[in-house]
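# Structural overview for review
One letter stands for each residue in the lines below.
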Amino acid sequence: TPGQVITCKAAVAWEPNKPLVIEDVQVAPPQVGEVRIKILFTALCHTDAYTWSGKDPEGLFPCILGHEAAGVVESIGEGVTEVQPGDHVIPCYQAECRECKFCKSGKTNLCGKVRSATGVGVMLSDRKSRFSINGKPIYHFMGTSTFSQYTVVHDVSVAKIDPKAPLEKVCLLGCGVPTGLGAVWNTAKVESGSIVAIFGLGTVGLAVAEGAKTAGASRIIGIDIDSKKFDTAKKFGVTEFVNPKDHEKPIQQVIVDLTDGGVDYSFECIGNVSVMRAALECCHKGWGTSVIVGVAASGQEISTRPFQLVTGRVWKGTAFGGFKSRSQVPWLVEKYLKKEIKVDEYITHNLTLGEINEAFHLMHEGGCLRCVLKV
Ligand code: NAD
Ligand code: AHE
Ligand code: ZN
């Protein structure tokens, strides 16, 4: 039997920076290779705010933002074999088809199958949106669009998880927490005894700290311009704090002086290109590796003296912490259920979809890590 159009509530971004509007949205049934998901909980990530701001070259309006969520499969399109209605799932903005050049390389978690469609807000099969309001199409975002009671995603972008996991918590495993843990475990491969510097102590930076602690780092230096972050950061494994505002010297010099020549690994978790430079330049000569995690605005470029790399420093980046999404998100959920990784501790606020604009305001205040919305 052909699926039905569902009318439900969604937060629509009509224009950059204009408050999101809760609208009645029509969600078309899933087509071949697609899955329609009832979203139960979604968190907000800084990347949603970034695209909303209008600075993301891939940002299209009107759209439905959101990419850190959990829900239940409502229906499946033709050819979908790996999930069934009723399955508990986490939508994944980084797909994993297991068949493309990227997936088969064994060298990356990036997947090429649906990226050309998700980057322009449509579905792959007909390059159209499944969302509309009275016939007017509304763009998808990151292949997930979780600020909606129902969304349609590609089957290669759905991780099926243990139904015992509380969806109001594990929604965080859709982005920020895996990104930080994976930046340490998969991208940098931090060894025991290493000295680590983390720039930016939001959810992503704190997850880096947690990852570094489990990897056995000897010193974990947290750098943030908001000293209110330092108390919480201790609980995630940060051992020392530096507020660049307390120093006259450039922050890279402060860190080099603190560490007898620099750190073994640094992570930029802000999205600020001058901090990215500082993060590279505070690395130890000969081997220090810096990982870019933050997303910088359109038009921004990184720079440093090439001599920094000639003398052995390494500059890297990471997307979703290098995790293969469909394979490894379920594994992260199990680790959470076994209490091997934190998740609850990153949730500082709980609101509803109707309060989403308030949730975005909270994000810009110091006390907020993740705000989870009941959808
Ligand atoms: P957040 O806003 O919660 O955290 C950023 C932190 O940086 C805040 O604590 C802020 O006080 C601090 N900060 C700002 N300017 C600073 C400066 N000049 N020096 C030191 N600290 C400074 O954000 P988040 O949700 O943790 O995300 C962090 C970044 O990671 C964002 O850019 C986001 O878009 C990006 N991100 C990337 C990936 C990926 O796959 N690469 C995944 C998730 C998020
Ligand atoms: N559209 C942005 C790029 C945004 C970006 O880099 N996204 C990260 C995930 S951020 C999650 O909070 C990512 O995974 N990138 C790899 C990819 O395939 O998008 C821009 O600036 O163009
Ligand atoms: Zn995110």
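Rules and cut-offs
- Every chain is numbered on its own, with residues counted from 1 as its sequence reads.
- Each chain is given a letter, starting from A, and each ligand a number, starting from 1, according to the order in which they appear as written.
- Local features in a predicted model are, by the rule used here, given only for residues with pLDDT of at least 70; side-chain atom pairs are given and counted only at 80 or more, and totals for whole chains, interfaces and linings are based on all residues.
- In this description a helix means any DSSP run of H or I spanning at least four residues, a strand means any run of E spanning at least two, and both kinds are numbered starting from the N terminus.
- Radius of gyration: C-alpha atoms only; globule rule: 2.2 Å multiplied by the number of residues to the exponent 0.38.
- Once C-beta atoms are placed from the backbone, each residue is buried if 20 or more other C-beta atoms lie within 10 Å of its own, exposed if 12 or fewer, and partly exposed for counts between those two.
- Each residue gets a C-beta atom placed from its backbone, and two residues are in contact if those atoms lie within 7 Å.
- Structurally, a nonpolar core is described as a collection of buried Ala, Val, Leu, Ile, Met, Phe, Trp, Tyr and Cys residues joined by way of C-beta atoms within 7 Å.
- All residues are tested the same way: a C-beta atom is placed from the backbone, and lying within 6 Å of a molecule or strand makes the residue near it.
- Three residue categories are used. Nonpolar comprises Ala, Val, Leu, Ile, Met, Phe, Trp, Tyr, Cys and Pro, charged comprises Asp, Glu, Lys and Arg, and polar comprises the others, including Gly.
- In this analysis an axis means a line fitted to C-alpha atoms, helices contributing only their contacting stretch, and an angle means the value between N-to-C directions, from 0 to 180 degrees.
- Throughout, the term roughly parallel applies to angles under 35 degrees, roughly antiparallel to angles over 145, roughly perpendicular to angles from 65 to 115, and oblique to all others.
- In this scheme the handedness of a crossing depends on how the near helix is turned from the far one: anticlockwise by less than a right angle means left-handed, clockwise means right-handed.
- Pairing between strands is defined by DSSP: at least two bridges between the two strands are required.
- Think of it like this: strands point away, you trace from the first strand over the helix to the second, and a clockwise trace means the crossover is right-handed.
- UniProt positions are given in the numbering used here, feature names are shortened, and annotations may be inferred rather than shown by experiment.

## Topic: the overall build of the protein
Counting secondary structure elements, the protein contains 12 helices and 17 strands. Scaling as 2.2 N^0.38, a compact globule of 375 residues should have a C-alpha radius of gyration of about 21 Å, and the protein matches this with 20 Å. Dimensions of the protein, computed from C-alpha atoms along their principal axes, come out at roughly 70 × 40 × 40 Å. Classification of the 375 residues of the protein by burial places 49% in the buried group. Put simply, of all contacts in the protein between residues at least 6 apart along the chain, 71% involve residues at least 24 apart.

## Let's talk about the nonpolar core
Core analysis: the largest hydrophobic core is formed by 110 residues, its most contacted members being I64, V170, L173, V196, A197, I198 and V208. When residues in this core are grouped by element, the largest group, 6 residues, is from helix α6 (residues 203-214). Residues contacting A197, with those up to four places away along its chain left out, are I221, I223, I255, V263, S266, A279 and C282.

## Description of the site of ligand 2
Taken together, C45, T47, D56, P57, E58, Q94, L110, R115, C175, V295, A319 and F320 make up the full set of residues adjacent to ligand 2. For the shell around ligand 2, a count of residues per class yields 7 nonpolar, 2 polar and 3 charged.

## Digging into the packing of helix α5 (residues 176-188) against α6
At a closest axis distance of 7 Å, the pairing of α5 and α6 adopts a crossing angle of 40 degrees. Judged by the angle between their axes, α5 and α6 are oblique. Where α5 crosses over α6, the handedness of that crossing is right-handed. On α6, the residues touching G176, V177, T179, G180, L181, A183, V184 and W185 of α5 are T203, V204, G205, L206, A207, V208, E210, G211 and A212. A breakdown of the residues in the contact of α5 with α6 according to their chemical character gives 10 nonpolar, 6 polar and 1 charged.

## Considering the site of ligand 1
For ligand 1, the set of nearby residues contains 31 residues, the closest of which are H46, G200, G202, V204 and G271. Contributions of two or more residues to the shell around ligand 1 are made by α1 (46-52), α5 and α6. Residue composition of the shell around ligand 1, by class: 16 nonpolar, 12 polar and 3 charged.

## Structural notes on the sheet that holds strand β13 (residues 265-268)
Strand order across the open sheet formed by 6 strands is β12-β11-β10-β13-β14-β15, with parallel pairing between neighbours. Looking at which strands have only one partner, the edges of the open sheet turn out to be β12 (240-242) and β15 (314-317). The mean angle between the axes of side-by-side strands here comes to 20 degrees, regardless of whether they run parallel or antiparallel. Alignment of β13 against strand β14 (residues 289-292), held across 4 bridges, turns out to be parallel. What sits directly across from Y265, in β14, is T289. Most of the contacts of α5 go to β14, to which it runs at about 130 degrees, and overall it touches β13, β14 and β15. Together, β10 (195-199), β13, β14 and β15 form the strand contacts of helix α9 (residues 273-281), whose direction differs from that of β13 by roughly 175 degrees.

## Structural notes on unusual backbone geometry
The omega torsion across F61 and P62 is -5 degrees, close enough to zero to call that bond cis. Relative to the assigned elements, P62 resides in the loop between α1 and β4 (68-76). Located in the positive-phi region is N17, a residue other than glycine, with phi close to 65 degrees. Relative to the assigned elements, N17 resides in the loop between β1 (6-12) and β2 (21-27). Given 10 C-beta atoms within a 10 Å radius, N17 is considered exposed. Backbone geometry at S145 places phi at a positive 40 degrees, although glycine is not the residue there. Relative to the assigned elements, S145 resides in the loop between β7 (136-138) and β8 (150-154).

## Remarks on the pairing of β10
Burial analysis of β10 places 5 of its 5 residues in the buried class, the great majority of the element. Of the strand pairs in this sheet, β10 and strand β11 (residues 219-223) are connected by 5 bridges, and their pairing is parallel. Paired with I195 across the two strands is R219, which belongs to β11. Taking the sense of rotation as the criterion, the β-α-β connection linking β10, α6 and β11 turns out right-handed. In terms of strand pairing, β10 meets β13 through 4 bridges, oriented parallel. Among the inter-strand pairings, A197 is bridged to a residue of β13, identified as S266.

## Thoughts on the UniProt feature "domain: Alcohol dehydrogenase-like N-terminal" (unreviewed entry) in the protein
Cross-referencing UniProt, the feature "domain: Alcohol dehydrogenase-like N-terminal" (unreviewed entry) maps to residues 33-161 in the present numbering. Here residues 33-161 runs as 12% helix and 29% strand, with 19 Å between its end C-alpha atoms.

## As for the environment of Q26
Its location among the elements puts Q26 in strand β2. For Q26, a count of 18 C-beta atoms within 10 Å puts it in the partly exposed group. Between the alpha carbons of Q26 and S145 there is a distance of 13 Å; along the sequence they are 119 residues apart.

## Concerning the sheet that holds strand β6 (residues 131-133)
The strands making up a sheet are joined through hydrogen bonds of the backbone, oriented either antiparallel or parallel. Taken in spatial order, the 4 strands of this open sheet run β1-β2-β6-β7, and their pairing is antiparallel. This sheet does not close on itself; its edge strands, each paired only once, are β1 and β7. Between one strand axis and the next, the sheet turns by 50 degrees as a mean value, whatever way the strands run. Of the strand pairs in this sheet, β2 and β6 are connected by 2 bridges, and their pairing is antiparallel. Paired with Q26 across the strands is S132, a residue of β6.

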